[in-house]
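# Analysis of the macromolecular model
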Amino acid sequence: MNFEDTGLKPEIIKGVRKLGFEAPMPIQEKVIAAMLNHRSDLVGIAQTGTGKTAAYGLPLVHLIESGQKKVQALILTPTRELCIQVADDITKYARYSNAIEVLALYGGASIENQIRGLKKGVHLVVGTPGRLRDLIKRKKLTIKSINTIVLDEADEMLSMGFKEDLNAILAEAPDSRQTLLFSATMPREIAEIADNYMNDPIEIAVGRRNVGAETVDHVYYMVNASDRYNALKRIADVNPDIYGIVFCRTRKETQEVADKLIGDGYNADALHGDLSQSQRDHVMNRFRIKNLQMLVATDVAARGLDVDDLTHIINYNLPDGSETYIHRSGRTGRAGKKGVCITIIHSREKGKIKMIEKKIRKTFEQKLIPSGTEICEKQLFRLIDKMETVAVDEKQIEPFLPVIYKKLSWLSREELIKHFVSLEFNHFLDFYKDAPDLNILQKAKKSKKKKKSKTTHNQEFSRFFINSGSQDGLEPAYLIGLINENTKKRDIEIGKIEIMKKFAFFEVDSDYADRIIKGFENAEYAGRRVVVELAQQKKEFGVIKRNPKKKKPGKKNKKSKKK
Ligand code: AMP
């Protein structure tokens, strides 16, 4: 379907094109039809990122009669930020439409100015429930002549305590209006509002109900609670181009995590309710324009912060309910882009992950917190890439070059490279020298194995060769991670692991030998192809000196891991 087929006025379509929208998103097709054609009430289960603002905003602009200077449409939003965002978006849709006045009315700002704005004559009002009710009570805003009312993020409005205000506003609006309600979730109170104030609404769902976006990968890392912050740092270090929100549980924790990150030299800041409105605006603005890479925030403070191209959402702890998880993860992977939602958990929280998996009908991938070596490698190659592609302004540096060449002439090409790289990179190498393994997985597997070795001593193991070793940063925990990742199975019994400089051997339950071979067919580690073969073929390396009578390769091997 094209925008031209929707019935929207050409000047609105022109505005839409100016925004770069090519075709209507699925929710837009449905909502535009409901608003322009059959005018039935509508309940839309949709998260932010689905295109719902334009879905109701475009037809609202279409329906406004600019000759009549009275409020014809009302949009209710939970937060000031979303209110401003929606008003801005609608103003953009109306860019080529004749003199349509849009006004945002929210709490925490001068009511006098807003009253003055209303007096000038407004066609469309976007507001937060408390402030709207106040203005209606003061008789400064009348909604008696509205044709359409939109409740955006209705579940958020309820969870922020606006139920009474909502009911009062809905009761005040004329019965003849069309009501649209959008909500990411469908708690009982929302159904009640639909029952009480809506007229046989059609229900549409974008994506599946209560399900996160398809384009989001869900990942968790398991560490001891005391390692949480260090795990966060490593996640940030291994994703140097991260642009994301780190969600914390409390305002205090939010500030603490942000302070630590700032102190450790990260481009981060805090957003929470203890900050003044102007501080919050300042932080949000820095984040929007990408002056900030990581925003550490509480759920409430981050509401209404509408940023589309977040690469990551990080849950510093697991949120209490799966609804919150869905809401948070829905902030990445928007408008068809890929996103990653990362959760840091401790060992007793796996059950909660299972519950969320059920809700979102997607599986989480357990990843291992990268080792110091892995992070250094990533950062180092990023630096090299940057060095390769940096713009060189020949003209500007030309005058300085002769002196520089002379000064550095005692260094060979290789030495010169080493010096430049070290200059930028030494702090990373220093920091991660002898960095401990933060993963619980390794420890958990060890203890599991100890227990099992008593009962499964007759189990047959097959022994494999892998062409990566300690010089590639391979450690037992990574190897286990690689096996899990490539076999897509987490409970394969793993036996002895021996890591040499250039290669390694590992044993797994023989029942899974084929799965290992198949799983590693196209596997990669540290940027290169991994070769995994049954170890017997590699005997000629002469590395493994085992007594064939006592320990036949692939038979009854003791399940211990070499560190
Ligand atoms: P929303 O769900 O309203 O927050 O919209 C999510 C994002 O999708 C916003 O950045 C919109 O600008 C963008 N968007 C909305 N409709 C379209 C469309 N038809 N084509 C491309 N992008 C769109």
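Residues numbered from 1 in each chain as written. Predicted model: local features only at pLDDT ≥ 70, side-chain atom pairs only at ≥ 80, totals over all residues. Heavy atoms only, no water.

### Side note on the overall build of the chain
The following threshold applies: Comment: elements are numbered from the N terminus, with helices defined as DSSP H or I runs of at least four residues and strands as E runs of at least two. The classification of residues rests on relative accessible area computed with a 1.4 Å probe and restricted to protein chains. Under 20% of the type maximum is buried, over 50% is exposed, and intermediate values are partly exposed. Two residues form a contact once any of their heavy atoms are found within 4.5 Å. Here, Shrake-Rupley sampling with a 1.4 Å probe gives the accessible areas, and only protein chains in the shown set may cover a residue.
Within the chain one finds 22 helices and 20 strands. Across the 563 residues that make up the chain, the buried fraction comes to 50%. If you take every contact in the chain between residues at least 6 apart in sequence, the share linking residues at least 24 apart comes to 77%. With an accessible surface of roughly 27,900 Å², the chain has 50% of that area assigned to carbon and sulfur atoms.

### Side note on the nonpolar core
What counts here: Each nonpolar core is a collection of buried residues, namely Ala, Val, Leu, Ile, Met, Phe, Trp, Tyr and Cys, held together in the definition by side-chain atoms within 4.5 Å.
One finds Val31, Tyr56, Leu58, Ile75, Ile90 and Leu124 to be the most contacted residues of the largest nonpolar core, which totals 39 residues. Elements supplying a minimum of two residues to this core: α1 (10-18), α2 (26-38), α3 (52-63), β2 (73-76), α4 (80-93), β3 (102-105), β4 (124-127) and β6 (178-183). Not counting the four nearest positions on each side in its chain, Tyr56 is found in contact with Val31, Met35, Ile75, Val86, Ile90, Val150, Asp152 and Phe182. Of all hydrophobic cores here, the second largest spans 33 residues; its members include Ile45, Leu132, Ile146 and Ile169.

### Here's the deal with the site of the ligand
Convention followed: Any residue with at least one heavy atom within 4 Å of a molecule or strand is counted as near it. For the purposes of these results, a polar contact is taken to be a pair of N or O atoms within 3.5 Å, where, inside protein, one atom must be able to donate a hydrogen and its partner to accept one; residues adjacent in sequence count only when each atom of the pair is a side-chain atom. Each residue gets one label: Ala, Val, Leu, Ile, Met, Phe, Trp, Tyr, Cys and Pro are nonpolar, Asp, Glu, Lys and Arg are charged, and the others, such as Gly, are polar.
Around the ligand, 14 residues are found, and the nearest of them are Gln28, Gly49, Gly51, Thr53 and Asp308. The separation between an oxygen atom of the ligand and a polar main-chain atom of Gly51 is 2.7 Å. In the model, an oxygen atom of the ligand is placed 3.3 Å from a nitrogen or oxygen of the Lys52 main chain. Surface burial for the ligand is 80%, taken as the share of its 490 Å² of free accessible area covered by protein chains. Residues that form the shell around the ligand fall into these classes: 5 nonpolar, 6 polar and 3 charged.

### Quick notes on the packing of helix α10 (residues 228-238) against helix α19 (residues 413-432)
The condition that has to hold: All axes here are fitted lines through C-alpha atoms, helices being fitted over the stretch that makes contact, and every angle between N-to-C directions spans 0 to 180 degrees. Should the near helix be turned anticlockwise from the far one by less than a right angle, the crossing is termed left-handed; should it be turned clockwise, right-handed.
Two elements in contact, α10 and α19, have axes separated by 14 Å at closest approach and are oriented at 145 degrees. Along this stretch, α10 crosses α19, giving a crossing that reads as left-handed. Contacts between α10 and α19 involve Lys233, Arg234 and Asp237 from the former and Phe428, Phe431 and Tyr432 from the latter.

### Focus on the confidence of the model for the chain
Selection criterion: pLDDT runs from 0 to 100 and stands for how confident the predictor is about each residue.
The pLDDT averaged across the chain works out to 84; a share of 90% of its residues lies at or above 70. Low pLDDT, under 50, characterises residues 442-457; the stretch is placed with 20 contacts to residues that sit more than four places away or in other chains. Within the model, the stretch residues 537-563 combines pLDDT values under 50 with 61 contacts to residues more than four positions away or in other chains.

### Some thoughts on the sheet that holds strand β8 (residues 216-222)
For clarity, the cut-off: What makes two strands pair is DSSP finding at least two bridges between them.
Spatially, 7 strands are ordered β10-β11-β9-β12-β13-β8-β14 in an open sheet, and the strand pairing comes out parallel. At either margin of the open sheet sits one strand with a lone partner, and together these are β10 (268-271) and β14 (365-366). By the bridge criterion, 4 bridges tie strand β9 (residues 244-247) to strand β11 (residues 294-297) in an arrangement that is parallel. When the sheet's bridge partners are listed, Ile245 is paired in β11 with Leu295. Across the sheet, helix α15 (residues 350-360) touches β8, β13 (339-345) and β14, and the angle it forms with β8 is around 170 degrees.

### Considerations on the pattern of salt bridges
How we decide: For this document, the term salt bridge refers to a Lys or Arg side-chain nitrogen within 4 Å of an Asp or Glu carboxyl oxygen.
Tallying each qualifying case throughout the model produces 18 salt bridges. Notably, a salt bridge pairs Asp165 with Arg133, separated by 2.9 Å at the nearest N-O pair. Of the two residues, Asp165 sits in helix α8 (residues 163-172) while Arg133 sits in helix α6 (residues 129-137), which places them 32 residues apart along the sequence. Notably, a salt bridge pairs Glu172 with Lys144, separated by 3.5 Å at the nearest N-O pair.

### A look at the environment of Asn317
By the secondary structure assignment, Asn317 is in the loop between β12 (312-315) and α14 (322-329). Between the alpha carbons of Asn317 and Phe247 there is a distance of 7.6 Å; along the sequence they are 70 residues apart. Once you skip the residues sitting within four places of it in the chain, Asn317 turns out to touch Arg228, Phe247, Cys248, Arg249, Glu253, Arg328 and Ile344. At a separation of 3.4 Å, a polar atom in the side chain of Asn317 contacts the side chain of Glu253.

### Here's the deal with unusual backbone geometry
Even without being glycine, Ala99 reaches a positive phi, approximately 35 degrees. Inspection of the secondary structure puts Ala99 in the loop between α4 and β3. Given a relative accessible area of 53%, Ala99 falls into the exposed group.

### Considering α14
Rules: What the arc describes is the spread of directions from the helix axis to the C-beta atoms.
Here α14 has its buried residues at Ser322, Tyr325, Ile326, Arg328 and Ser329. One face of α14 carries all of its buried residues, which in axial projection span an arc of 165 degrees. On its buried face, α14 is in contact with β8, β9, α13 (299-302), β12, β13 and α15.

### A few points about the packing of aromatic side chains
Inclusion rule: Pairing of aromatic rings covers Phe, Tyr and the six-membered ring of Trp, with a centre-to-centre limit of 6.5 Å; geometry is then stacked below 30 degrees between planes, edge-to-face above 60, and tilted otherwise.
Going through the model one piece at a time under the given rule, you end up with 10 aromatic pairs. Residues Tyr325 and Phe364 carry aromatic rings whose centres are separated by 5.5 Å and whose planes lie at 45 degrees to one another, so their mutual orientation is tilted. Here Phe364 lies in the loop between α15 and β14 and Tyr325 lies in helix α14, a separation of 39 residues in the sequence. Classification of Phe364 by relative accessible area gives buried; the value is 6%. Between the aromatic rings of Phe506 and Phe520, the centroid separation amounts to 6.4 Å while the plane-to-plane angle is 45 degrees, which identifies the pairing as tilted. Of the two residues, Phe506 sits in strand β17 (residues 504-509) while Phe520 sits in the loop between α22 (513-519) and β18 (524-525), which places them 14 residues apart along the sequence. The same class applies to Phe506 and to Phe520, which are both buried.

### Considering the pairing of strand β5 (residues 148-151)
Both faces of β5 are covered, namely the face carrying Thr148 and Val150 and the face carrying Ile149 and Leu151. As paired strands, β2 and β5 are joined by 4 bridges and run parallel to one another. Residue pairing in the sheet places Leu74 in a bridge with Ile149 of β5. The sheet contact formed by β5 and β6 spans 4 bridges and is parallel. Bridge assignment links Ile149 to a residue of β6, and that residue is Thr179.

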